[in-house]
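Notes for the structure review
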Amino acid sequence: QVQVRESGGGLPQSGESLRLSCSVSGASFSALALSWHRQAPGKEREFVAGVDRNTKYADSVKGRFTISRDNAKNTIYLQMNNLKPEDTAVYYCNAQLRTSFVSINSWGRGTQVTVSS
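All of these numbers come straight from a predicted model, not from anything done at the bench.

On to the side chain of Thr75, then. Position of Thr75 among the secondary structure elements: in strand 7 (residues 75-80). Judged by its relative accessible area of 9%, Thr75 is buried. Here Lys73 takes part through its backbone oxygen, which lies 2.8 Å from a polar atom of the side chain of Thr75. If we ignore the near neighbours within four places in the chain, the residues touching Thr75 are Ser21, Cys22, Ser23, Phe29, Ser68, Arg69 and Asp70.

Structural data, given as structure tokens:
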């Protein structure tokens, strides 16, 4: 069973930085497509950033957020710089793998980020 666990949320002020971590166990980490998503109060969950062979970012975070992966530690990170109040949300990590033999789509429980102005 694939387990996904986020950490690193907090209460930064506007303009500050924060780094989120997501550890994954129970699957071949290097084969996984990994991504960060977020859900603000009253809004739908939205894609933030993803990494497999390449990296992708939502327009709202380009130039401020950086996703990275450490295959040796089975962990991905989301470095968030120049945070804004609109970045306030619960941040979720997702791990996916789809082959002819296996289908994985696992979510963590999320970590809260609250940015004050």
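Let us look at the packing of aromatic side chains. One pass over the full model with this rule turns up zero aromatic pairs. Directly above the ring of Tyr92 sits Arg45, whose terminal nitrogen or CZ lies 3.7 Å from the centroid. A cation over an aromatic ring shows up here: Arg45 above the ring of Trp107, its NZ or CZ 4.6 Å from the ring centre.

Here we take up the state of the cysteines. Overall, the coordinates contain one disulfide when judged by the stated rule. The disulfide partner of Cys22 is Cys93, and the gap between their sulfur atoms is 2.1 Å. Its S-S torsion of approximately -85 degrees makes the covalent link between Cys22 and Cys93 left-handed. Residue Cys22 is found in strand 2 (residues 18-25), and its partner Cys93 is found in strand 8 (residues 89-98); the two are separated by 71 residues along the sequence. The same class applies to Cys22 and to Cys93, which are both buried.

About the thresholds
- Residues numbered from 1 in each chain as written.
- Predicted model: local features only at pLDDT ≥ 70, side-chain atom pairs only at ≥ 80, totals over all residues.
- Heavy atoms only, no water.
- Helix = DSSP H or I, 4+ residues; strand = E, 2+ residues; numbered from the N terminus.
- Buried < 20%, exposed > 50% of the residue type's maximum accessible area, 1.4 Å probe, protein only.
- Polar contact = N/O pair within 3.5 Å; in protein donor to acceptor, adjacent residues only side chain to side chain.
- Contact = heavy atoms within 4.5 Å.
- Phe/Tyr/Trp six-rings, centres within 6.5 Å; stacked < 30°, edge-to-face > 60°.
- Lys NZ or Arg CZ within 6 Å of the ring centre and 35° of its normal.
- Disulfide = S-S within 2.5 Å.

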